[in-house]
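Single-letter residue listing:
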Amino acid sequence: MESSAEATQRIARISAHLLPPNFQMEGSSILRRADCRTKGGAPGFKVAILGAAGGIGQPLAMLMKMNPLVSVLHLYDVVNAPGVTADISHMDTGAVVRGFLGQPQLENALTGMDLVIIPAGVPRKPGMTRDDLFNINAGIVRILCEGIAKCCPKAIVNLISNPVNSTVPIAAEVFKKAGMYDPKRLLGVTTLDVVRANTFVAEVLGLDPRQVDVPVVGGHAGVTILPLLSQVKPPCSFTPEEIEYLTKRIQDGGTEVVQAKAGTGSATLSMAYAAVKFADACLRGLRGDAGVVECAFVASEVTELPFFATKVRLGRNGAEEVYQLGPLNEYERIRLEKAKKELEASIQKGVSFIRK
């Protein structure tokens, strides 16, 4: 039979998981739940999600908890972070989960992180353009990036908050002001455009989307989104009607979801999926895997613009190589010029927000 002391310890361990913190007794014989949660972490990387209680943040947090490359997962938000943290922490995967609520806890959420993912901000609603999101989300991104510059300046930053065409330049300016800017480590997440392109092209071709690879370049809004259908893998050809249909649908994918949700939200689940796909690629790059290539909106010399989305090779330092556009057909060249014109204004808007 077990001794009285052993029984007490066993009951204490069970209670530590079942009872909320305010019901737990303080004392040497009782384990606090916070202590229990710090044990058993798998080897891997430390990841923070800023905006973890939002429509994108919650499924993103769940999927990152499932990623075997994550050892510690920090969930930060200004509301509801404790509930999301408690919920996700019950998943029996290796990552240790910790929650952080409100700006006073932002620095603790960021300290020591290898990868920071930022879905924070307000979602797009029917009739709202990406520019309408700017004033609110720009301020949020500035505050969060100031925290990153102070607490984990060497972290890879995956920026999701819209409008990405402007928020990435905002983040860059914040890091420059802090003297901590490394263009390789700041990545605007445009993977959802690629995910949609792969899906829509596969539908037209009658293929499994996982067998399709469509490069999507430019930016992450409307006409700045340019799928290079001439470079689709496996190689194939499209009629002019198919090219027009696919290009427009890929560009308007976000609006399609906003309208279908009829005022209840924007693309959250597909965005979370795309964000995790890109984050996993970043973690594999950090691990040192070779040949990790994804599209992202980054500091670039591919065009005359300071930022541009193209394929990049991910490694231990972030975007270690930015690839050129490759050969474009006449249709793509015309639309590239339209994309650059709008993208230039969006980039300048972000830069001006910090410099004014």
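Source: prediction; values computed, not measured.

Novice: Would you explain the overall build of the protein in this entry?
Specialist: Secondary structure summary: the protein contains twelve helices and eleven strands in total. Buried positions account for 50% of the 356 residues belonging to the protein. Across the protein, every contact between residues at least 6 apart in sequence was considered, and the portion connecting residues at least 24 apart equals 68%. Here the protein has roughly 16600 Å² of accessible surface; of this, 55% comes from carbon and sulfur atoms.

Novice: Is there a simple way to think about the state of the cysteines in this case?
Specialist: Scanning the model with the defined rule gives zero disulfides in all. The cysteine Cys-151 is free of any disulfide, with Cys-152 supplying the nearest cysteine sulfur at 6.4 Å.

Novice: Quick question: what am I supposed to make of the packing of aromatic side chains here?
Specialist: Two aromatic rings are characterised by how far apart their centres lie and by the angle between their planes. Applying the stated criterion across every chain yields a total of two aromatic pairs. Ring centres of Phe-134 and Phe-353 lie 5.6 Å apart, and the angle between their planes is 85°; on these two criteria the pair is classed as edge-to-face. Separated by 219 residues along the polypeptide, Phe-134 in helix 6 (residues 134-151) and Phe-353 in helix 12 (residues 330-355) bring together distant segments of the chain. A residue is classified by how much of its surface remains accessible, and Phe-134, at 5% relative accessible area, is buried. Classification of Phe-353 as buried rests on a relative accessible area of 10%.

Novice: What is the right way to read the environment of Phe-100 from this model?
Specialist: Mapping Phe-100 onto the fold places it in strand 3 (residues 96-101). Residues Phe-100 and Leu-75 lie 25 residues apart in sequence; the distance between their C-alpha atoms is 6.1 Å. The contacts of Phe-100, once residues within four sequence positions are left out, are His-74, Leu-75, Tyr-76, Asp-77, Ala-81, Gln-105, Asn-108 and Ala-109.

Novice: Explain the nonpolar core here, please?
Specialist: One broad trend across soluble globular proteins is that nonpolar side chains are buried collectively. Grouped together as the largest cluster of nonpolar side chains are 48 residues, with contacts concentrated most on Leu-50, Val-116, Ile-118 and Ile-148. Elements with a contribution of two residues or more to this core: strand 1 (45-50), helix 5 (106-110), strand 4 (115-118), helix 6, strand 5 (156-159), helix 7 (164-177), strand 10 (307-315) and helix 12. For this core, the element with the highest residue contribution is helix 6, accounting for eight residues. With sequence-adjacent residues up to four places away left out, Leu-50 is seen in contact with Tyr-76, Leu-106, Leu-110, Val-116, Ile-117, Ile-118, Pro-119, Ala-120, Leu-144 and Ile-148. Counting 43 residues, the second-largest nonpolar core is a separate cluster that includes Leu-75, Ala-272, Val-276 and Ala-281.

Novice: Explain helix 9 (residues 240-251) here, please?
Specialist: An α-helix turns once per 3.6 residues; consequently, residues spaced three or four apart project the same way. An ideal rise of 1.5 Å per residue puts 16 Å on twelve residues; helix 9 measures up with 17 Å between its terminal C-alpha atoms. Taken together, the buried positions of helix 9 are occupied by Ile-243, Leu-246, Thr-247, Arg-249, Ile-250 and Gln-251. Against helix 8 (191-205), strand 8 (225-227), helix 10 (253-260) and helix 12 lie the buried residues of helix 9.

Novice: Can you walk me through helix 7 in this structure?
Specialist: The end-to-end C-alpha distance of helix 7, which contains 14 residues, comes to 20 Å, matching closely the 20 Å that a straight helix rising 1.5 Å per residue would cover. Where burial is concerned, most of helix 7 is hidden: twelve out of the 14 residues are buried. Three or more residues of helix 7 are buried, namely Val-164, Asn-165, Ser-166, Thr-167, Val-168, Pro-169, Ile-170, Ala-171, Ala-172, Glu-173, Val-174 and Phe-175. As for helix 7, its buried residues are in contact with helix 6, strand 5, strand 6 (186-188), strand 9 (292-299), strand 10 and helix 12. Just downstream of helix 7 lies Gly-179, where phi reads positive at about 70°.

Novice: Help me understand unusual backbone geometry, please; the structure alone is not making it clear to me.
Specialist: Generally, phi is negative for residues other than glycine and the peptide bonds are trans, each holding for most cases. With an omega of -5°, the peptide bond between Asn-162 and Pro-163 qualifies as cis. Tracing the backbone shows Pro-163 in the loop between strand 5 and helix 7. In this chain, Lys-233 is followed by Pro-234 through a cis amide linkage whose omega measures 0°. Considering the arrangement of structural elements, one finds Pro-234 in the loop between strand 8 and helix 9. In this model, Asn-80 sits at a positive phi of 65°, which is unusual for a non-glycine residue. Phi is positive for Ala-262, which is not a glycine, with a value near 50°. Considering the arrangement of structural elements, one finds Ala-262 in the loop between helix 10 and helix 11 (269-287). Here Ala-262 falls in the exposed class, since its relative accessible area comes to 60%.

Novice: Where do I start with the side chain of Lys-65 in this structure?
Specialist: Considering the arrangement of structural elements, one finds Lys-65 in helix 3 (residues 57-65). Buried and unpaired, Lys-65 has no salt bridge, with Asp-92 as the nearest side chain of opposite charge at 7.0 Å. A polar contact is formed between the side chain of Lys-65 and the backbone oxygen of Met-91, at a distance of 2.9 Å. For Lys-65, the contacting residues outside a window of four places in its chain are Leu-73, Ile-88, Ser-89, Met-91, Thr-93, Gly-94, Ala-95 and Val-97.

Novice: So what exactly am I meant to see when it comes to the pairing of strand 10 here?
Specialist: Every other side chain in a regular strand lies on the same face of the sheet, so the side chains alternate between the two faces. Taking burial as the measure, the nine residues of strand 10 include seven buried ones, the bulk of the element. Bridge count between strand 9 and strand 10: eight bridges; the pairing is antiparallel. By the bridge assignment for strand 10, Phe-297 is matched with Ala-309. Here strand 10 runs beside strand 11 (residues 318-322); their pairing, made up of four bridges, is antiparallel. In the strand pairing of strand 11, Leu-314 is matched with Ala-319.

Quick notes on the rules
- Residues numbered from 1 in each chain as written.
- Predicted model: local features only at pLDDT ≥ 70, side-chain atom pairs only at ≥ 80, totals over all residues.
- Heavy atoms only, no water.
- Helix = DSSP H or I, 4+ residues; strand = E, 2+ residues; numbered from the N terminus.
- Buried < 20%, exposed > 50% of the residue type's maximum accessible area, 1.4 Å probe, protein only.
- Contact = heavy atoms within 4.5 Å.
- Areas by Shrake-Rupley, 256 points an atom, 1.4 Å probe, with all protein chains shown as cover.
- Disulfide = S-S within 2.5 Å.
- Phe/Tyr/Trp six-rings, centres within 6.5 Å; stacked < 30°, edge-to-face > 60°.
- Core = buried A, V, L, I, M, F, W, Y, C linked by side-chain atoms within 4.5 Å.
- Expected span 1.5 Å × (residues − 1).
- Lys, Arg positive; Asp, Glu negative; His and termini not counted.
- Salt bridge = Lys/Arg side-chain N within 4 Å of Asp/Glu carboxyl O.
- Polar contact = N/O pair within 3.5 Å; in protein donor to acceptor, adjacent residues only side chain to side chain.
- Pairing = 2+ DSSP bridges.

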